[in-house]
Amino acid sequence: MKKIQMVDLKGQYATIKERVDSSIAEVIANTAFINGPEVKSFQTELEAYLGVKHVIPCANGTDALQIALMGLGLEQGDEVITADFTFAATVEVIALLKLTPVLVDVDPVDFNIDIEAIKRAITPKTKAIVPVHLFGRAANMDAIMDLAKEHNLFVIEDNAQGIGSNYTGRDGKKTKTGGIGHVGTTSFFPSKNLGCYGDGGAIFTNDDDLAHTIRGVVNHGMYVRYHHDVVGVNSRLDSIQAAVLRAKLPHLDSYNKARRDAARKYTEAFMSNKKIITPIVCDSCDCHVFHQYTLRVVDTDRDALVAHLNENGIPCGVYYPIPLHSQKAYKDERYNEADFPVTNAIVKDCISLPMHTELEDDQIAFITKTVIDFVNK
Ligand SMILES: *Cc1c(COP(=O)(O)O)cnc(C)c1O
């Protein structure tokens, strides 16, 4: 058995080495390092893949969220509702812009923002909702868009973990996540489902005016050279990263399928065990691209399980160990512990197993056996 990795970037690189190496060499030969033709081509190809009108590349997924919020013209004190259980970047940018983050609980089954909790959190100051397609599973976008319409709110999808996921709406139509709300964002951090070889990110929208605004924001607030109409930022995807992403984008669907296949094998092995709650892997549905494969364990010392797996050469992760509302930076006296029963429980019993495009059957068999033996002990 090959050594088990949490994420196997080397194994994946080996399968696309020629194309990646020649693309990078070409950028260097042309010296068009910033805003070169590779960036524009990648933008067009990603627009086609996602089925969105506008992709605006930027420097990373955190910038993408910040710039999306800047583009919407929100004002200091406006309330933005997001999930208590996500990576900190989601709430960080809200606070940075002097907007008021309002963290709410998540659903115990899909780990995504809880619709009833959003309803309870809406006030006259609420201006936006930021659902996160956590671990690659599409959030309940129909319900979120309904609430947004009813209360006149913007929806910004944090799709950093969900790129390539399909959301099936109540009309039966499939839409790629990130293209459903008013604006969507993603990250091309190396370990993400579509990762580059450094930092990268992008913003998506179908709104022409918003796209125009955002194209200025990413470029120092300039719409006409050296005329700065708004306070902007400098956030660019560099040409070498765009070249890597162009080499990888045609494989994204097969990468996501490899993740889903691995997830299905994990879930089949764990399904009958009462102490393991698995994520749902539906056969026909491609609403989950398994950025992470995250279990919950019952009546089991999660931290001891982590230690046991590590001792057996199995890397694993706890995403995320602390609810955002309990983090020093985001504490707020308005929060009440009783409002976060789900997040407070998940942070204690969740564990993410190795997940990448190169997992092999003997590795999955060893991982599942090691987990099951421990929880049955
Ligand atoms: C990775 C991630 C981000 C931030 O992306 P960076 O490119 O690392 O800045 C934001 N939100 C979520 C949910 C993420 O997983």
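Rules used throughout
Residues numbered from 1 in each chain as written. Predicted model: local features only at pLDDT ≥ 70, side-chain atom pairs only at ≥ 80, totals over all residues. Heavy atoms only, no water. Phe/Tyr/Trp six-rings, centres within 6.5 Å; stacked < 30°, edge-to-face > 60°. Helix = DSSP H or I, 4+ residues; strand = E, 2+ residues; numbered from the N terminus. Buried < 20%, exposed > 50% of the residue type's maximum accessible area, 1.4 Å probe, protein only. Lys NZ or Arg CZ within 6 Å of the ring centre and 35° of its normal. Core = buried A, V, L, I, M, F, W, Y, C linked by side-chain atoms within 4.5 Å. Contact = heavy atoms within 4.5 Å.

Where an unreviewed UniProt entry is consulted, the protein chain appears under the name Pleiotropic regulatory protein, with the organism given as Dokdonia donghaensis DSW-1.

Visitor: For this particular structure, what's the right way to read the packing of aromatic side chains?
Guide: Aromatic rings in a pair are described by how distant their centres are and how their planes are angled relative to each other. On inspection of all chains with the given rule, the structure shows 13 aromatic pairs. Judged by centre distance (5.5 Å) and plane angle (80 degrees), the rings of Phe-111 and Phe-135 are edge-to-face. One end of the pair, Phe-111, is in the loop between β3 (100-104) and α5 (115-121); the other, Phe-135, is in the loop between β4 (126-130) and α6 (141-151), and 24 residues separate them in sequence. Classification of Phe-135 by relative accessible area gives buried; the value is 2%. Of note, Lys-176 hangs over the ring of Tyr-49, and the distance from its end group to the ring centre comes to 4.6 Å.

Visitor: Sorry if this is basic, but what is going on with the nonpolar core here?
Guide: Among the nonpolar cores identified, the biggest contains 33 residues, and Ile-81, Phe-85, Val-104, Ile-113, Ile-118 and Ile-144 are the most heavily contacted of them. Those elements that place two or more of their residues in this core are β2 (79-83), β3, α5, α6 and α11 (341-349). The greatest single-element share of this core, amounting to five residues, is contributed by α6. Those residues in contact with Ile-144 that lie beyond four places of it in its chain are Ile-113, Ile-115, Ile-118, Ile-129, Pro-131, Ala-139 and Val-155. Counting 26 residues, the second-largest nonpolar core is a separate cluster that includes Val-281, Leu-305, Val-306 and Ile-314.

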